[in-house]
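Spelled out, the chains give:
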Amino acid sequence: MSAPEAEHPPRPGRLKLLAFAAGAVILGVSVIGNDFGGTPGPPQPPAAKATSSSVASAADPGAGPDAQAAPAPGGSAATPTPSPTAKTLKSSPPHRLRIPRIRVDAPVIGLGLDAAGVLEVPPATNSNLVGWYKDGAAPGSRGASIMVGHVDTKSGPAVFWNLGILRQGDLITVDRADGKTATFAVDSVEVFEKKAFPDDRVYGDTPDAQLRLITCGGVYDKQSKDYTSNVVAFAHFVSST
């Protein structure tokens, strides 16, 4: 099964957005969708239940899985202003992602686009797997590097189930094929309704090295078999070892 598709005309040099199958997030110039062949059981992903008209900030990480994310003033938020960043690295593929705060330690696979312009999906049979858009920026190189992961699968919570409880300053590390480890600091974690997904802010070019972690969130709509929102973690590059 696949979620209802919503699409704007593709922009040159940007990733086209169409609906994924089997419970993964989608990247592109429109919205991000999710669908999987099953009905998720309670609880909802922590701090990922906001359904305001546009965007919400992550809830307090101590609030527990039933906490609602509080809407941002005016229903929108400005692009975070990152701290001074480290010098960018040359491009090199990532092979492992670690987020200590939410106990993520997962291999990374490269994802491309199929003939229809749809981003390939990490296998739904592996709940601990992250996908990286390999035709975009590599983690640590200039630009916004895009990584996606399942929030859940038929078997239960998946790699980005707790993405919504990250907070500003939390560290993310990415091991790269060149032997370097790129470290990022979280600027914000926000929940966007699909109809108000901020393409330019998430996928737009950046003068420094940044990271976007994306999964599904909000409320699961049993009728449409789709989540209502998406959770995006914004982070900037701070160092490499």
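Our structure's up above, just so we're on the same page.
Residues numbered from 1 in each chain as written. Predicted model: local features only at pLDDT ≥ 70, side-chain atom pairs only at ≥ 80, totals over all residues. Heavy atoms only, no water.

### A look at the nonpolar core
Point 1. Core analysis: the biggest nonpolar cluster contains 30 residues, and Leu97, Ile99, Met147, Ile172 and Leu213 have the highest contact counts within it.
Point 2. Elements supplying a minimum of two residues to this core: β2 (94–99), β3 (104–111), β4 (130–133), β8 (171–176), β9 (181–193), β10 (209–221) and β11 (226–240).
Point 3. Of all the elements, β9 adds the most residues to this core, at five residues.
Point 4. In this structure, Leu111, Phe192, Phe197 and Ile214 belong to the second largest nonpolar core, which totals 11 residues. (Core = buried A, V, L, I, M, F, W, Y, C linked by side-chain atoms within 4.5 Å. Buried < 20%, exposed > 50% of the residue type's maximum accessible area, 1.4 Å probe, protein only. Helix = DSSP H or I, 4+ residues; strand = E, 2+ residues; numbered from the N terminus.)

### Structural notes on the pairing of β9
Point 1. With 13 of 13 residues buried, β9 lies mostly within the body of the structure.
Point 2. Here β8 runs beside β9; their pairing, made up of five bridges, is antiparallel. Bridged to Ile172 within β9 is Phe184.
Point 3. Between β8 and the antiparallel strand that follows it, β9, lie four residues; Gly179 among them carries a positive phi value of about 90°.
Point 4. Taken together, the 11 bridges between β9 and β11 define a ladder with antiparallel strand orientation. (Pairing = 2+ DSSP bridges.)

### Examining the packing of aromatic side chains
Point 1. Within the structure shown, the criterion is met by five aromatic pairs.
Point 2. When the centroid spacing of 6.3 Å and the interplanar angle of 80° are considered together, the rings of Phe192 and Phe234 count as edge-to-face. Taken together, the residues Phe192 in strand β9 and Phe234 in strand β11 connect sequence positions 42 residues apart.
Point 3. With a relative accessible area of 2%, Phe192 lands in the buried category.
Point 4. With 5.8 Å between their ring centres and 35° between their planes, Phe197 and Tyr203 make a pair best called tilted. Each member of the pair, Phe197 as well as Tyr203, carries the same accessibility label: buried.
Point 5. An aromatic cluster is defined as three or more aromatic residues linked by ring pairs; in this entry it consists of Phe192, Phe197, Tyr203 and Phe234.
Point 6. The ring centre of Phe234 lies 4.4 Å from the NZ or CZ of Arg201, which sits over that ring. (Phe/Tyr/Trp six-rings, centres within 6.5 Å; stacked < 30°, edge-to-face > 60°. Lys NZ or Arg CZ within 6 Å of the ring centre and 35° of its normal.)

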